[in-house]
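# A closer look at the structure
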Amino acid sequence: MSEVLIYGAHFPMPLGERNGKFIRFVSTKREFKTFLTSDNYSMIIIDLDGREKEGYSLAEYVRQIPRHCSVPILFFAKDRHLEKKAFHEIHCYDYFVKPLTNDDIIQIVYLCTRRMAGKNDCTDIVFPVNNDKYLFKMQDIYYLEANGKYVTVNTASYILDVPYLILDDFMGNYGEHFLRVHRAYVVNRIHIRCVDLTSATVELDNGAVLEIGRKYISGLRQEFGERPRRKKGRPRAT
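Below or above, wherever it landed, is the structure these notes cover.

Analysis parameters
- For every chain, the first residue of its written sequence is number 1, and the numbers climb from 1 along that sequence.
- Only residues with pLDDT of 70 or above have their local features reported here, since the model is predicted, and side-chain atom pairs are shown and tallied only from 80 upward, although totals for entire chains, interfaces and linings are computed over all residues.
- Processing note: side-chain calculations cover all non-hydrogen atoms of the structure and skip hydrogens and water entirely.
- Whether two strands pair comes down to DSSP finding at least two bridges between them.
- Helix and strand assignments come from DSSP, with helices taken as H or I runs of at least 4 residues and strands as E runs of at least 2, each series counted from the N terminus.
- As a rule, the C-alpha atoms of each element are fitted with a line to give its axis, helices using only the stretch in contact, and angles between N-to-C directions run from 0 to 180 degrees.
- Two residues qualify as a contact provided that any one of their heavy atoms is within 4.5 Å of a heavy atom in the partner residue.

A word on the sheet that holds strand 2 (residues 23-26). Reading across from one edge, 2-1-3-4-5 is the order of the 5 strands in this open sheet, with parallel pairing throughout. Each edge of the sheet is formed by a strand with only one pairing partner; in this case those strands are strand 2 and strand 5 (94-97). In this sheet, neighbouring strand axes are inclined to one another by 15° on average, regardless of whether the strands run parallel or antiparallel. In the sheet, strand 3 (residues 43-47) pairs with strand 4 (residues 73-77) via 4 bridges, with the strands oriented parallel. Bridging from a neighbouring strand, Ile 45 pairs with Leu 74 of strand 4.

Next up, the structure:
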C-alpha cells in the first residue's frame, strides 16, 4: 500500500523516485484513477496548477469512491480563488499556494500525517486548579505557556491558568505528544503548521506564532530539517 497519492504535472522530479512506495506520483488522469481503484491511500494530493478543472473533477471522483470518500485531500494551487470552494464542497484537509519545492512537499506530508495520526489520540489531560479539576482532550490543546507561578493552557475553546504546574514535569508525562520549543513554551505536535528556524519561530494551525529558544534550535533542526514554506495569505497572530 502506498501512503500518499500525488497528482500533478509541475513538480521538478517525480517524488516516487525519491520515496519508494511511500509516495506515488502520477501525472495523468488515467494513472490517477487506475492507482486509486487498485490501492488504498492515507492521503491524496492534487496539484491544480495548469489543470484546474481536471484536478478538481478528480477530487470529486475521489469522494464518490466508498473506501476513499473520507480520505484527506490536500490541494496545491497557484492562487487562492478555489480555496473556499475546495473546503466547502470537497471538504479538503488543507490548501497550499505554490511555489513549493519537493522538500517543501515532503515536509508537508510529514507534518500532516503526524498531525492526522495524533488526532486519533483522545487522551484526557486533567489540570487541577484550587479545588477544581479541568479536563481537556489532548488534541484540543494547542500550547502551554509558563507565566511566573502559573502555566497558561491554551485550548481550542478555553484558556486556563494552572498554578504551580512545572513544564518539565508535564513533558515527563506527555513528551511523546508535545514539543518543548522555549523555556516558556510547550506546543502540541499535531498543531504545528510551520517551524521557521531562520526567524526562530513556530506557527500553529490556530495562527499563534511562538518564539523558539536558542537552546532548542539544534534539536528542532534535527527533527524538522529546513523549514516548510509558509502558506501565503494566512494571518499571523500571537
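Now, onward.
What follows is about the sheet that holds strand 12 (residues 185-188). Spatially, the 5 strands line up as an open sheet ordered 10-9-8-12-11, and their pairing is antiparallel. Two strands close off the open sheet at either side, each with one partner strand: strand 10 (159-163) and strand 11 (178-182). Shown here is a sheet whose adjacent strand axes are inclined to one another by a mean of 20°, direction ignored. Sheet topology note: the strand 8 (residues 141-147)/strand 12 ladder contains 3 bridges and is antiparallel. Bridge assignment links Leu 144 to a residue of strand 12, and that residue is Val 186. Lying on the sheet, helix 6 (residues 167-174) is in contact with strand 8, strand 9 (150-155), strand 11 and strand 12; it crosses strand 11 at an angle near 150°.

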